[in-house]
Amino acid sequence: MSFSKLLNPVRVRGFASCAKLYQSELSSLKEYKSTISDLLRNAGHELKSPNLVALHSRLGLPQGLSYSLLSRCLTCRSSGEVNYDNMSLNIFGKSLLTMAVTSELMKKHPRLPGVVLNAAVDAYINDHVLSNVASSWGIEPETQSVLDRYAKNENATITLGKLRYFQNSTDELHNFSETNAMAVAVRSIFAAIYSVDKDFNKTHKFISDHVLSRKLDVKDLFAFEQPTRELAALCRRQGLEKPVSKLLAENGRLSKSPLFIVGVFSGEEKLGEGYGSSLKEAKARAATDALLKWYCYEPVHGQQPVVIDQGEVLV
Amino acid sequence: MVRLFSTSARVAKDVSKIIDRSGKIAKIVGPATIYNSKSSAWNYKGYMKAKLPGGLYYDPAPSSIHGSINSETIPKSFLEANDPRLDIIDDLTQGHAAVSRVAPVLNVKGEKTYHLKPEDIAEIKRLRLEDPVKNSRKTLAKKYNCSPLFISIVSEPPKERQIEMSHRLETIKSQWHPKRTLARAERKKRKTLWYRA
């Protein structure tokens, strides 16, 4: 255990001296711990942690964002740091992130149904994704206990540049998983950037660069239940002619592997096209295709930006 | 599609007949080959030797990929009124009207008649509750000149009948060979893919 590691170098002769030594070691351990807290809280005193300096310049963070604040972003409540953690930053960062991602998605795909929009937002900002972002930023979690670091005589500033979330506690509630902690740190950094710049556009730009730059195919999030009925309802709502499925091509109808291509037409206009090994399948796929084309409509760059749509089709 | 070939490639053979220049954007008609596109369709060398002059061509896929959400395949009536693509969409969808006139309709359904009155519906409900064995969906559909689906939408059999039928179905399913059970389950799973991109 780490405790024996601490006591090993000390040669113990009698019980009395052992207790004394133990006391003195304990007090200097406590001192070591409080040094870390003091360094973290003291905004005036410039923190010179190599990890923090590297992270700061790697992300191109604004000059006004102090190393102390950055270190606070990396300190989770579960680490046991009292009254100086990233809890509030995390809450604010989450709102900023949701706002930026939702607005960007709604600009890009104004017709997404509510459920799909929520799924798309979640696909951008869930903990796993943000944890990947954190790893790509080079945020390392602190894996050693305080006692280990003390025994190694590690410089106190090193740990302040790492993600501190672990506490030797049996209380499950207070122990984050590493993924959660990484995501919390990323969200806190967004909030910290806003708190320095006080300019949402700049924060939005930062979020776009690091989160929205990831590719998400929204059409993969759809799963329809009754596409043919939904398409009929859509056409009725939009004042289009009733959709009619027509057979465009077929191959090997009586064979083991037939292939049909069906198009769904509204009047003389083709709305969608689908293939299938049965007419039913091809028809269902054609209707799905048409619905996807409707819902995933993407305004062209330079077009009037926000298109407020009537919402999803209710069957 | 932009093809940037060296100008020396133009000397290979004249492939201008497969380029349709009647529209705003030149369109490629069929795969580019220097031999006869029908009688020598088998000859792969023709495709390898064909060199198109550099430029911009419209060369759509023969069948649009299912769930494609690009500007090429979006229908005109799905575009917003201020969408700049409205100017070119007619060019892209030239052949659709002709196809829609000749393509056979899948299942021709007659116009809806709406011939049943509320009293008839009440009668259907009563009959079905009264004797679900004699007045089955099929019988009632024939009697009232509508589809069995319509009968099941407007009415339902008594609870005991429903329970009995579901028990019967369970018994039948329990007698299935494991292979059949698996095949049915897989078919169900495959069917969910129809409704996805």
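Model, not experiment: these values are computed from the prediction. (Residues numbered from 1 in each chain as written. Chains lettered and ligands numbered in written order. Predicted model: local features only at pLDDT ≥ 70, side-chain atom pairs only at ≥ 80, totals over all residues.)

Novice: Tell me about the overall build of chain B, and name the residues and values.
Specialist: Check the secondary structure of chain B and you find eight helices and four strands. Its helices and strands in sequence order give chain B the pattern β-β-β-α-β-α-α-α-α-α-α-α, from N to C terminus. Scaling as 2.2 N^0.38, a compact globule of 197 residues should have a C-alpha radius of gyration of about 16 Å, whereas chain B reaches 29 Å, well beyond that. Its C-alpha atoms give chain B principal-axis dimensions of about 85 × 50 × 35 Å. When the 197 residues of chain B are sorted by exposure, 8% land in the buried category. Put simply, 47% of the contacts in chain B that link residues at least 6 apart link residues at least 24 apart. (Helix = DSSP H or I, 4+ residues; strand = E, 2+ residues; numbered from the N terminus. Rg over C-alpha atoms; globule rule 2.2 N^0.38 Å. Buried ≥ 20, exposed ≤ 12 C-beta atoms within 10 Å, placed from the backbone. Contact = placed C-beta atoms within 7 Å.)

Novice: Run through the overall build of chain A, naming residues and quoting values.
Specialist: In terms of regular secondary structure, chain A is built from 13 helices and three strands. Within chain A, the fraction of its 315 residues that count as buried is 36%. Relative to all contacts within chain A whose residues are 6 or more apart in sequence, the contacts with residues 24 or more apart total 62%.

Novice: Summarise the domain arrangement of chain A; cite the residues concerned and give the values.
Specialist: Residue and element names in this part refer to chain A. Looking at chain A, the domain boundaries give domain 1 (28-219) and domain 2 (224-296). For domain 1 versus domain 2, the separation of C-alpha centres amounts to 47 Å. Across the boundary between the two partners, domain 1 contributes six residues, which contact four residues of domain 2. Looking at the side of domain 1 that touches domain 2 residue by residue, the class counts come to three nonpolar, one polar and two charged. (Domains from an automatic or database assignment. Nonpolar A, V, L, I, M, F, W, Y, C, P; charged D, E, K, R; others polar.)

Novice: Break down the confidence of the model for chain A for me, with residues and values.
Specialist: Chain-level statistics for chain A give a pLDDT mean of 86 and a share of 88% at 70 or above. Low pLDDT (under 50) marks residues 1-14 of chain A, which in the prediction has 13 contacts with non-local residues, meaning those over four places away or in another chain. (pLDDT = per-residue confidence, 0-100.)

Novice: Give a description of the nonpolar core that names residues and reports values.
Specialist: Residue and element names in this part refer to chain A. Among the nonpolar cores identified, the biggest contains 74 residues, and Met-182, Ala-185 and Phe-190 are the most heavily contacted of them. The element best represented in this core is helix H10 (residues 178-197), accounting for twelve residues. Discounting residues that sit within four places of it in the chain, Ala-185 has contacts with Cys-73, Leu-74, Asn-86, Ala-134, Ile-139 and Leu-163. (Core = buried A, V, L, I, M, F, W, Y, C linked by C-beta atoms within 7 Å.)

Novice: Can you break down the interface of chain A and chain B residue by residue, with the values?
Specialist: Listed per partner, the contact involves 42 residues of chain A and 29 residues of chain B. Elements that contribute at least two residues to the side of chain A that touches chain B include exactly helix H12 (227-238), strand S1 (243-251), strand S2 (259-266), strand S3 (269-276) and helix H13 (279-295) of chain A. Ranked by the residues each element gives to the side of chain A that touches chain B, the list is headed by H13(A), at ten residues. Tallied by class, residues from the side of chain A that touches chain B come to 22 nonpolar, seven polar and 13 charged.

Novice: Describe the pairing of S2(A), naming the residues involved and giving the relevant values.
Specialist: Residues and elements named next belong to chain A. In terms of residue burial, S2 counts as a mostly covered element, since seven of its eight residues are buried. Across eight bridges, the pairing between S1 and S2 is antiparallel. Within S2, the residue paired with Val-244 across the bridge is Phe-265. Hairpin connection, S2 to S3: the antiparallel pair is bridged by two residues, and Gly-267 has positive phi, about 70 degrees. (Pairing = 2+ DSSP bridges.)

Novice: Got a sec to walk through the sheet that holds S2(A)? Specific residues and values, please.
Specialist: Residue and element names in this part refer to chain A. Sheet architecture is open: three strands sit in the order S1-S2-S3, paired in antiparallel fashion. The sheet is open, and its two edges are formed by S1 and S3, each paired on a single side. Neighbour to neighbour, the strand axes of the sheet diverge by 25 degrees on average, direction disregarded. Where S2 and S3 come together, seven bridges link them in antiparallel fashion. Bridge pairing in S3 links Phe-260 to Gly-276. (Axes fitted to C-alpha atoms, helices over the stretch in contact; angles between N-to-C directions.)

Novice: For the packing of H12(A) against H13(A), give the residues involved together with the corresponding values.
Specialist: Packed helices, taken two at a time, are described by the angle their axes make and the gap between the axes. Residue and element names in this part refer to chain A. Here H12 crosses H13 at 45 degrees, and the two axes come no closer than 8 Å. As summarised for this structure, H12 and H13 are arranged oblique, according to the angle between their axes. For the pair H12 and H13, the sense of crossing is left-handed. Here Pro-227, Thr-228, Glu-230, Leu-231 and Leu-234 of H12 come into contact with H13, specifically with Lys-283, Ala-284, Ala-287, Thr-288, Ala-290, Leu-291 and Trp-294. Among the residues making up the contact of H12 with H13, the classes are represented as eight nonpolar, two polar and two charged. (Parallel < 35°, antiparallel > 145°, perpendicular 65-115°, else oblique. Left-handed = near helix turned anticlockwise from the far one by under 90°.)

Novice: Could you give an account of the environment of Gly263(A), naming the residues involved and the relevant values?
Specialist: Along the chain, Gly263(A) turns up in strand S2. Since 27 C-beta atoms lie within 10 Å of it, Gly263(A) is described here as buried. Considered as a pair, Gly263(A) and Ala123(A) are 140 residues apart in the sequence and their alpha carbons are 32 Å apart. Those residues in contact with Gly263(A), other than ones at most four positions away along the chain, are Lys246(A), Leu248(A), Lys270(A), Glu273(A), Ala286(A) and Ala103(B).

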